[in-house]
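A closer look at the structure
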Amino acid sequence: MELYLDTADINAVKRLARVLPLQGVTTNPSIVAASRTSLWEVLPALRDIIGGEGKLFAQVMAATAEQMVEEAVMLHRRVPGLVVKVPVTGEGLAAIKILSGMAVPTLGTAVYGAAQGLLSVLAGAEYVAPYVNRVDAQGGNGIATVQELQHLLELHAPQAKVLAASFKTPRQALECLLAGCEAITLPVDVAEQLISAPAVQAAVEKFEHDWHGAFGTLSLS
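The shown structure was predicted, so the numbers you read here are calculated from the model rather than taken from an experiment.

Observations concerning the overall build of the protein
The secondary structure content of the protein amounts to 11 helices and 8 strands. C-alpha atoms of the protein, sized along the principal axes, occupy 70 × 35 × 30 Å. Buried positions account for 44% of the 221 residues belonging to the protein. For the protein, long-range pairs separated by at least 24 residues make up 54% of all intrachain contacts whose partners lie at least 6 apart in sequence. With an accessible surface of roughly 11,200 Å², the protein has 56% of that area assigned to carbon and sulfur atoms. Averaged over its 15 positive side-chain charges, the protein has a centre that lies 4 Å from the centre of its 21 negative ones.

A look at the packing of aromatic side chains
What the rule picks out here adds up to 4 aromatic pairs. An angle of 75° between the planes, with centres 5.5 Å apart, marks the rings of Tyr112 and Tyr131 as edge-to-face. Of the two residues, Tyr112 is situated in the loop between β5 (106-111) and α6 (114-123) and Tyr131 in the loop between β6 (127-130) and α7 (132-137); the sequence distance between them amounts to 19 residues. Positioned above the aromatic ring of Trp40, the side-chain terminus of Arg78 is 3.8 Å from the ring centre.

Here we look at helix α11 (residues 198-215)
Given a rise of 1.5 Å per residue, 18 residues ought to cover 26 Å, and the 26 Å separating the end C-alpha atoms of α11 matches this to within 8%. One or two positions beyond α11, positive phi appears at Gly216, with a value near 70°.

A word on unusual backbone geometry
In the Ramachandran plot, Arg36 falls in the positive-phi region, its phi being about 60° despite a non-glycine side chain. Along the chain, Arg36 falls in the loop between α2 (29-35) and α3 (39-50). Positive phi is not limited to glycine here, since Ala110 has a value of about 60°. Positionally, Ala110 belongs in strand β5. Overall, Ala110 belongs to the partly exposed group, its relative accessible area being 24%.

Let's talk about the side chain of Thr185
Secondary-structure assignment places Thr185 in strand β8 (residues 183-186). Looking at Thr185, its side chain comes within polar contact range of the side chain of Thr26, at 2.7 Å. The contacts of Thr185, once residues within four sequence positions are left out, are Tyr4, Leu5, Asp6, Thr26, Leu163, Ala164, Ala165 and Phe167.

Parameters and conventions
Residue numbers here run from 1 along each chain, matching the order of that chain's written sequence. Local features in this predicted model are restricted to residues of pLDDT 70 or higher, and side-chain atom pairs are both shown and tallied only at a pLDDT of 80 or more, whereas totals for entire chains, interfaces and linings draw on every residue. Only hydrogens and water are removed before side-chain values are computed, so all heavy atoms of the structure are retained for them. Here a strand is any run of E in DSSP of at least two residues, a helix any run of H or I of at least four, and the numbering for each starts at the N terminus. A simple rule labels every residue: compare its accessible area, found with a 1.4 Å probe on the protein chains alone, to the largest value its type can have, and call it buried under 20%, exposed over 50%, or partly exposed in between. Any two residues whose heavy atoms approach within 4.5 Å are treated as being in contact. Where accessible areas are quoted, they stem from the Shrake-Rupley method and a 1.4 Å probe; at the residue level, only the protein chains shown are allowed to cover. Asp and Glu count as negative and Lys and Arg as positive, but His and the ends of the chain are not part of the count. Lys charges are placed at NZ, Arg charges at CZ, Asp charges at CG and Glu charges at CD. Pairing of aromatic rings covers Phe, Tyr and the six-membered ring of Trp, with a centre-to-centre limit of 6.5 Å; geometry is then stacked below 30 degrees between planes, edge-to-face above 60, and tilted otherwise. Both a distance and an angle decide whether a charge sits over a ring: NZ of Lys or CZ of Arg must be within 6 Å of the ring centre and within 35 degrees of the ring normal. To estimate the expected span of a helix, subtract one from its residue number and multiply by 1.5 Å. Each polar contact in these results corresponds to two N or O atoms within 3.5 Å; when the atoms are within protein, one needs to be able to donate a hydrogen and the other to accept it, and residues that are neighboring in sequence are counted only if both atoms are side-chain atoms.

Next up, the structure:
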C-alpha cells in the first residue's frame, strides 16, 4: 500500500514525513496555485524532503495531446522520476499513449467513472486517480466507483494501480483501502485527522494524570 500527501505545502510535508510512512507527494495545478509558489521551486523542495526513494506527481496544463506530451517530457526531464498526471480526456488519452511509448510514467487523473479510469490504464497509465469526494458531490458514489475500477484493473490491467484522491474524511480513505486500493493520496487536514483524534489525546492525558498521581513524575525512571 502506498500513502501520499496531496499538497504543495512544503512545511506540512516536512512535518508529516517525520511521522507518516509516506511514499511521496502528489500535486495538481489548483494545489500549486494555492501555494503561490512556482512549480519549479515546489518540486525540487518536495523531492529533497522525501528523498531519493519517494515519488512526485505533477500535472500538465496543456489542452492538446501534442502540447501535453511536450509539457510531460519537460517535467520528466527537469524532475527525474516524476510521474506526470494527465487528465483523462480524449486528448489526454492520446497523450498517455504517446508517453507510454516514450517510457514517461503517467497517472490518469480527473477520473469520475470506472470505465474512464480503465481506458487510461489501457492507454498506458501506471496509476489512475478516481476523485472520491467529487463523485459524491455530483450525486454519485465515490467508493462504489473505486470498487468498480479496482475490479476492472484486477481483470484487465493488473500492472496498474488505483491511486484514490479527493478525500474529505478519514473514513472515505479507509473505505478505499478496504475496497482494495493499492494507493491513496490525502490532503494535509485529512492526514492530520488520522493521527490526532481527540479521544486518543484524552487517553494519553489520563495515563499521565494517573501515573503522576501515583509516582509524582511522568518518567519511567
